[in-house]
Amino acid sequence: MFFRPRRKEAPAMTLEGVLGQNSRLDEADGMRVDTPDAVCVLPDGRLLFGSGARIFALDRWGAEPVLWASTERPVSALFASAGGRVGVGLEDGRLSVFSAAAGHLADWPAVTGLGAVSDGVFLAEDEIAVLDTGYGPGEPVLALAPWDDEARGRIVRVRPNGRQDVVRGGLHCPMGLCLDAGGGLVVSQLERASLVDANGKVLQAGYPGYLGRVRRSPTGFVMACLSRRDPLIEFLKTEPDFVAEMKAKIDPRHWIAPRATPEFSHDVPIELGASRLFGEVKPWAPSFSYGLVIELDDRLMPVASAHSRANGTRHAISDVATWNGALVAVSRASGELLRLDAGRAPS
Amino acid sequence: MASEIDFAALPKQHVPRWVLSPRRLLGDVLSKGWVESAIPFLALLCVVVGILVTTDGYFAPANLRNLAQYAVDGGLVVLALLIVVAAGGIDLSVGSNFAMSVFVALFCFHILQLPVPVVLLAALASGALVGVVNGVVAGLLGCGALLTTLGTMITTRGLFTLGSQGYLVEISSSARLDDTWDWIGFEKVLTLPVGFWVLVAVAALVFVMFRQLRFGWHILAVGGNRKAARHGGIQVKATIFFAYLLAGLIVGLAGFLYAARQNSAGADTGIGMEFFVLTALVVGLGGFVPGRGAVLSVLIGFATVYLLNNALINAGFRGDFVQLALGVIIALILAIDVKFRKNRHRLLASTYLDPVAFEAAPVEGMAGRMPHETAPRLRAATLIASGRLDGPEDVLLDAEGNIYCGNRDGRLLKIAAPDHSRVEVLAKIGGRPLGLAFDREGRILVCVAGMGLVRVTMDGDVELLTDQTERSLFSVQDDTTIRMADDLDVAPDGTIYFTDATKRYDIENWGLDLLEGRPNGRLLSYDPSTRRTRTVCDNLVFPNGVCLTHDGRHLLVASTWDCSILAFDLADLAAGPRVFLKGLPGYPDNINRASDGGYWVALAGMRNPVFDQAMRHPGLRRRMTLRVPPTNWLFGNLNIGGVLKIDGRGTIVDALWDAPDGPLYMITSMREHAGALYLGGVTNDKIGRLALDGADTGWTGPASYWGAR
């Protein structure tokens, strides 16, 4: 009663200060795209984006997208090299390398044997690091990851001769991969809400979102968040019996979990503050889906953020890229590419 | 479709006689006012036990009588100080005033040889005079209480010294004897000293004053918040003046009793008394707390300090050690008490919610009728008064088609037929109007959360019918007040049956009742002829909508969290409820008659597998409420609702839903009228109107109950 124990670890970041809520994502210009997921910028300045099993190229914002390539399965990762090569990950775990002029590279056969490719980066023109989330094709990663203790994700180095080396295993649902200024790997983990290096060492944790992909940007880094961290979900992680029963008896679509879309549905629970008033959800209400892009400095500390709040629609930001001085984000929920000005100019 | 309910064939619904839970007991006790005295009482208990262990015969009857005799004047002065402190003041002059009253009593008795009653009056007048000076300067003139009473303390002490130097020897050598004087000073009534009974009587009067009398309430209001009291029309200065005057009178009485007992005074009489009683007061109140007239607490504090002091001195300790020990012990008691008071509400908040494992029957009878399996037919509804209402929980239509509904701001609104474009205020009730019904005379009966059962005439006159019922036999909390009157219906004999959905939560926190999952509600009845309210059935799980069956013999009551509908036999209410319908897909709210002999059931929200599972884990819900912000608590889905149609035997025959993002989402009521269904929602700002295919366009609710007029 007289003495209160001291808190041992720093609390997670809250949506305050530079992470304070705004409606920048909802106010951003949007371009309708069917089932988008990944974007990347080619060395020639064009923007590539995946739309289901097709990849389109965009010369400038507002221009008509041009079909750049088609794939057999939906695109789950896009990343480009300085030399004009483009890595294309598919949701079934295959990885293909294209030339900027489109078409498979003859000297780089399709890579198989990975679970699901969520992102990748060219370490050199003949060397790729790819992320395998550890989940199979079609598995609802957002629903599964919060309740999964097993860290099955890995970084795999791939070479044109087909050789695959596991650089690092034991990652928990890795979603994004990029290089830092020194050439080191930076990996975002969805459920752990943290950035780690190639050795699995935590570079920065406590982000207020469930992380999507992380990219280099003029300010340092920019990070897409598939949803914001939810106190109820974080609490339930400490309730193993309840979660085990939920996993055993209930279909994943009913689970409490981050969600990609903000729709109303009769068969999912809500949080108390999320009930509608006069038919509307309050912007400050809690929600299992959310839109969030966080700009980071070189020390991986947030410097600006863009939000789509509980009453918004541009949720589940899976990828983001810096293109022609602006940020282009992918909203899975609304099926759009969003163009917004960077929140902080590079120093 | 109309058919009578085969009541005897329905399964019985178990209703617990009482709710037994240690946590609830703790929560209820913590919410009691008297728990504020818990630490002083425990401290007194510790002191008593300590003395019992260390001192032989301390609590022997003879010593107890002795203590009762000598503690009286201190006890009275504590009460006097309590009155002044409760009014937001302080009185440092009580010690000097006490000494002066002693001197006046002795002077009048021994020197002036006055009769004892006159001596008493003189002592009272002496005390009152100091009170008047304090009251005028500190109360009427508004000078600081501390400085004023410091001044009167010094002045009165000076007068006492002057008087005592001149007359104490003469008083000591006086040989006057008087039976009344000696009776007051030394005799016993029912084995206890007269003075002790005087203390008991004064304590009782002060207690009654603070609890029941206007003056006592004014003192507490002035002490609690002087500005607010002034704005409330209380004469603040006069109240403070009379508080000092009353305190002076009591001090005068204490001086008289002391004089009768001691028959003498010394130069040190009353010295240090103000600090002794102040200490006792602070121990009893747990600090220097204006606006609190806790008579029992301060007497407990006084007993603690008095016994501790007395026992230490009796044990033979040196005076300086006694003071040191007393100081340390009192500081410890105060520290614990202050901590307890600061954390009491937190402790109460963490124990008040008392979840229990709860399992509603699995969903049944909904195959092919769930929202994802049927077209959203409520999409065809037209919207009435959109944006001009605030939470029409219930909708009611008269024979002419005028709509009546409650508003969140406490008003009862009328939406005039035929175009329903004009919204008028029929009555300003207050509270949160919920369920509505017409009585035989065409007046509107309204269940008002936070108020009770209210009757409104078409002229807008409001009459509170009842706001209390019988107290439950086994409850620590006083549950006589109707906390959340929810819905009602009227039997053919005029008896009004209505629900008090939860006895433990207000309308703002009704959701907590779901997280608790306990049977906290009750079905009540009100007989307008006798004006008597009685509890028909206690311990129901959030009883909500009430509907009299078409034959007028049974009562249907929605049990919201149980996702079921119960039936009562009006001819044998004591038999308890039977399960009319269970396994609903959502949380039923109001129930109303349909034109074809069936019933409409509003669903305020939808069940889902995860929340049903959470209801089986009370520990999880409790930990959640402790560790997760309320806004993030897992909750039933109130963002989607609908309407079920059931036949007269309780079979679901139809279901109406809006689109998932449609405007008719949380439906808490619906009324059929002239071939259309009118839908209200407690969180909505509009009413929906859906034309019903094939419904009897001549059927209206009032005619169904009271016949065509």
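Residues numbered from 1 in each chain as written. Chains lettered and ligands numbered in written order. Predicted model: local features only at pLDDT ≥ 70, side-chain atom pairs only at ≥ 80, totals over all residues.

## Quick notes on the sheet that holds strand β5 (residues 66–70) of chain A
Residue and element names in this part refer to chain A.
- Here we have four strands laid out as an open sheet, ordered β2-β3-β4-β5, and antiparallel in their pairing. Two strands in the sheet have a free side with no partner beyond their single neighbour: β2 (36–41) and β5. Neighbour-to-neighbour, the strand axes of the sheet open up by a mean angle of 25°, direction not taken into account.
- Pairing of strand β4 (residues 54–58) with β5 involves four bridges; the strand directions are antiparallel. Looking at the pairing, A57 lines up with V66 of β5. (Pairing = 2+ DSSP bridges. Helix = DSSP H or I, 4+ residues; strand = E, 2+ residues; numbered from the N terminus. Axes fitted to C-alpha atoms, helices over the stretch in contact; angles between N-to-C directions.)

## Considering the interface of chain B and chain A
- The interface is formed by 35 residues belonging to chain B together with 31 residues belonging to chain A.
- Contributions of two or more residues to the side of chain B that touches chain A are made by α15 (319–352), α17 (609–615), α18 (618–627) and β22 (634–635) of chain B.
- Here the side of chain B that touches chain A is composed, by residue class, of 19 nonpolar, 12 polar and four charged.
- Judged from the two bridges that link them, strand β19 (residues 270–271) of chain A and β22 of chain B form a sheet pairing that is antiparallel. For E271 of chain A, the partnering residue across the bridge sits in β22 of chain B and is L634 of chain B. (Contact = placed C-beta atoms within 7 Å. Nonpolar A, V, L, I, M, F, W, Y, C, P; charged D, E, K, R; others polar.)

## Overview of the domain arrangement of chain B
- When the domains of chain B are assigned, the result is domain 1 (72–271) and domain 2 (376–706).
- On a C-alpha basis, the centroid separation for the pair domain 1 of chain B and domain 2 of chain B is 59 Å. (Domains from an automatic or database assignment.)

## Some remarks on the sheet that holds strand β15 (residues 194–196) of chain A
Residues and elements named next belong to chain A.
- Sheet architecture is open: four strands sit in the order β13-β14-β15-β16, paired in antiparallel fashion. Sheet topology places β13 (174–179) and β16 (202–204) at the edges, where each strand pairs with a single neighbour. The sheet shows a mean angle of 35° between the axes of neighbouring strands, direction not considered.
- Note: strand β14 (residues 185–189) against β15, three bridges, orientation antiparallel. Bridged to S188 within β15 is L195.

## Considering the packing of helix α2 (residues 38–54) of chain B against helix α14 (residues 295–314) of chain B
All names here are of chain B.
- At their nearest, the axes of α2 and α14 sit 9 Å apart, and the two run at 25° to each other. On the basis of the axis angle, α2 is roughly parallel to α14. Taken as a pair, α2 and α14 cross one another with a handedness that is left-handed. For the pair α2 and α14, the contacting residues are P40, F41, A43, L44, V47 and I51 in the first and S297, I300, G301, A303, T304, L307, L308 and A311 in the second.
- Residues belonging to the contact of α2 with α14 are distributed by class as follows: 11 nonpolar, three polar and no charged. (Parallel < 35°, antiparallel > 145°, perpendicular 65-115°, else oblique. Left-handed = near helix turned anticlockwise from the far one by under 90°.)

## Some points on unusual backbone geometry
- That bond from A417 of chain B to P418 of chain B is cis: its omega, 0°, falls within 30 degrees of zero.
- A positive phi angle, near 35°, is found at T35 of chain A, a position not held by glycine.
- Judged by the 13 C-beta atoms lying within 10 Å of it, T35 of chain A is partly exposed.
- Look at C563 of chain B: it is not a glycine, yet its phi comes out positive at around 50°.
- Mapped onto the secondary structure, C563 of chain B falls in the loop between β17 (554–559) and β18 (564–569). (Buried ≥ 20, exposed ≤ 12 C-beta atoms within 10 Å, placed from the backbone.)

## Details of the pairing of strand β11 (residues 462–466) of chain B
All names here are of chain B.
- By the bridge criterion, four bridges tie strand β10 (residues 452–456) to β11 in an arrangement that is antiparallel. Note on β11: the bridge partner recorded for V454 is L464.
- Count of turn residues in the β10/β11 antiparallel hairpin: five residues, of which G460 carries a positive phi of about 90°.

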